[in-house]
Amino acid sequence: MKKLNTSSLKSKKRDILTDALLITIAGISAAYFLGKAGVKTTVVERDSIGSHASGFAYGELSPAVETAFYGTPVARLAKEGMSLHNELGQSLFEETGINTEYRHRPSITLSFSRNEARLAKDLVSNSARQVEQAPRWLDIEEALVLEPRISHRALGAVYTEGGADLEPYRLILALARAAEALGTTIGHGQVTGLKREGGRVVGVKLEDEEIHCDRVVLAMGPWSGEASSWLKTSIRVSPLKGQILRLLAPGPPLNCSVDWAGNYATTKPDGLLWTGTTEEHVGFDEAPNPQGLDSIMGSLLNMIPSLGQ
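Attention here is on the structure that accompanies the text. (Residues numbered from 1 in each chain as written. Predicted model: local features only at pLDDT ≥ 70, side-chain atom pairs only at ≥ 80, totals over all residues. Heavy atoms only, no water.)

**Topic: the packing of helix α1 (residues 25–36) against helix α7 (residues 168–181)**
Counted only if it meets this: Fitted lines through C-alpha atoms give the axes, limited to the stretch in contact for helices. The angle between two N-to-C directions lies from 0 to 180 degrees. Secondary structure elements are taken from DSSP: a helix is a run of H or I of four residues or more, a strand is a run of E of two residues or more, and numbering for both begins at the N terminus. The labels follow the angle: roughly parallel below 35 degrees, roughly antiparallel above 145, roughly perpendicular from 65 to 115, and oblique for the rest. Crossing handedness is read from the near helix: turned anticlockwise from the far helix by less than a right angle, it gives a left-handed crossing, and turned clockwise, a right-handed one. Here, residues are in contact when the closest pair of their heavy atoms is within 4.5 Å. Classification used: nonpolar for Ala, Val, Leu, Ile, Met, Phe, Trp, Tyr, Cys and Pro, charged for Asp, Glu, Lys and Arg, polar for all others including Gly.
For the pair α1 and α7, the least separation of the axes is 8 Å and the interaxial angle reads 30°. Relative to α7, α1 is oriented roughly parallel. In this structure, α1 crosses over α7, and the sense of that crossing is left-handed. For the pair formed by α1 and α7, the contact residues are Ile25, Ile28, Ser29, Ala31 and Tyr32 on the first element and Leu171, Ile172, Leu175, Ala176, Ala178 and Ala179 on the second. When grouped by side-chain class, the residues that make up the contact of α1 with α7 number 10 nonpolar, 1 polar and no charged.

Written out as structure tokens, the structure is:
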């Protein structure tokens, strides 16, 4: 990563991937796949690679989206995304030597109330008619065979195969390295706007210079709203903060991911138990807080009470 030197770029137009504030997984993925198509790009990055949510996320890849949105473009996108990740798990290691720790991982989603169990069984019933690898309902006795440490208070669980997880920071590093090998330039800078001529974008404005280009991709994640003034249209995007705990937990690794009410827990290849999450509308405040800790621990101990020891 380096400060952009645009002197060599001014004489030769390039496609610019303006990732103005951080390299999101969407931004660096775009650079990588454009490179595969023979398009050389310049990524404009303000902070270090993966220093925000894209590098710290849980990294779960779930087929549940395909089930929930069956028959819609979202479902088709989810299915294609799962397929791509399955390919990237191997190809990126071959291209870069970086292990993204991609692995297939089943999950069980617990139900503690009759209403949760009813909704879960309805999902299973509908999924059986929609997708090839449909989830199935497990009574609590069956679920305990799969993972003996889950709460005996649960009425049962939905068992889902076909999911996976990975280490997001490693994925971003691998994509960045592979993109650079394909001709992508990654540099530091603060994008302040777009330059137009004759009704089309011909450049990207930085704080003290401009970069000429043919096309621009905006991949700014939760900061996308800042581009509203550049595009003269309202972009209604705002951040949603989520916190994760990584714990050195006793006992063997969990046999699968354990979920409940939007919360999760799984043992990652680093040996730590990853568990979360919170959903906080607090703007760009990234600081951990005691309330988040209490909320996550509460959900974890509800799912796996023995960890209270």
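**Examining α1**
Heads up, the rule is: A helix is expected to reach a length of 1.5 Å times the quantity of its residues less one.
For α1, with 12 residues, the first-to-last C-alpha span of 16 Å sits near the 16 Å given by 1.5 Å per residue. At the C-terminal side of α1, glycine 38 shows a positive phi close to 90°.

**Quick word on the pattern of salt bridges**
We count it as follows: What counts as a salt bridge is simple: a side-chain nitrogen of Lys or Arg found within 4 Å of a carboxyl oxygen of Asp or Glu.
This structure, assessed with the given rule, holds 7 salt bridges. Notably, a salt bridge pairs glutamate 95 with lysine 36, separated by 3.3 Å at the nearest N-O pair. Of this pair, glutamate 95 sits in helix α4 (residues 73–96) while lysine 36 sits in helix α1; the two residues are 59 residues apart in sequence, bridging distant segments of the chain. Close ionic contact of lysine 195 with glutamate 210 constitutes a salt bridge, the shortest N to O distance being 3.4 Å. One end of the pair, lysine 195, is in strand β11 (residues 191–197); the other, glutamate 210, is in strand β13 (residues 210–218), and 15 residues separate them in sequence. A cluster of three or more residues bridged by salt bridges with shared partners is formed by Lys195, Glu197 and Glu210.

**Some thoughts on the side chain of asparagine 289**
Put simply, the rule reads: Polar contacts, as used here, are pairs of N or O atoms within 3.5 Å; protein pairs need one atom able to donate a hydrogen and one able to accept it. Residues neighboring in sequence count only if both atoms are side-chain atoms.
Structurally, the position occupied by asparagine 289 is in the loop between β17 (273–276) and α9 (290–303). At 3.2 Å, the side chain of asparagine 289 forms a polar contact with the side chain of glutamate 280.

**Quick notes on the sheet that holds strand β9 (residues 164–165)**
This is how it is decided: Note on pairing: two strands pair once DSSP finds at least 2 bridges between them.
In space, the 3 strands of this open sheet follow the order β4-β9-β5, with antiparallel pairing throughout. The open sheet is flanked by β4 (60–61) and β5 (103–104), the only strands paired with a single partner. In this sheet, β9 lies alongside β4 in antiparallel orientation, the contact comprising 2 bridges. Its bridge partner lying in β9, leucine 61 is registered against alanine 164.

**Notes on the sheet that holds strand β14 (residues 244–247)**
In spatial order, the strands read β7-β8-β6-β15-β16-β17-β14; together these 7 strands make up an open sheet with mixed pairing. Bordering the open sheet on either side are β7 (136–139) and β14, each of which pairs with just one other strand. The mean angle between the axes of side-by-side strands here comes to 20°, regardless of whether they run parallel or antiparallel. Its contacts with the sheet put α9 on β6 (107–111), β14, β15 (257–260), β16 (263–267) and β17, and the angle it makes with β14 is roughly 60°.

**Remarks on a nonpolar patch on the surface**
Put simply, the rule reads: Patches draw on residues past 30% relative accessible area with no salt bridge. Two like charges within 9 Å are joined, as are two nonpolar side chains (Val, Leu, Ile, Met, Phe, Trp, Tyr) within 5 Å. Only the protein chains shown count as cover for residues, and the accessible areas themselves come from Shrake-Rupley with a 1.4 Å probe.
Judged by side-chain polarity, Val65, Phe69 and Val74 come together as a nonpolar surface patch covering roughly 230 Å² of accessible area. Within the element layout of this structure, valine 74 appears in helix α4.

**Some thoughts on the nonpolar core**
Note the following rule: Working definition of a nonpolar core: buried Ala, Val, Leu, Ile, Met, Phe, Trp, Tyr and Cys residues. They are joined through side-chain atoms within 4.5 Å. Three exposure classes are used, based on accessible area relative to the maximum for each residue type with a 1.4 Å probe and protein chains only: buried under 20%, partly exposed in between, and exposed over 50%.
Membership of the largest hydrophobic core comes to 21 residues, with the highest contact counts inside it found for Ile28, Tyr32, Leu61, Leu92 and Leu175. If you list the elements that add at least two residues to this core, you get α1, α4 and α7. Looking at this core element by element, the count peaks at 7 residues for α7. Judged by nonpolar contacts, the second largest core, of 20 residues, contains Ile108, Leu144, Leu273 and Leu300.

**Examining the side chain of serine 224**
Checked against the element boundaries, serine 224 lands in the loop between β13 and α8 (228–231). Within polar-contact distance, the side chain of serine 224 engages the backbone oxygen of glycine 221 at 2.6 Å. In contact with serine 224, not counting residues within four places along its chain, are Ile235 and Val237.

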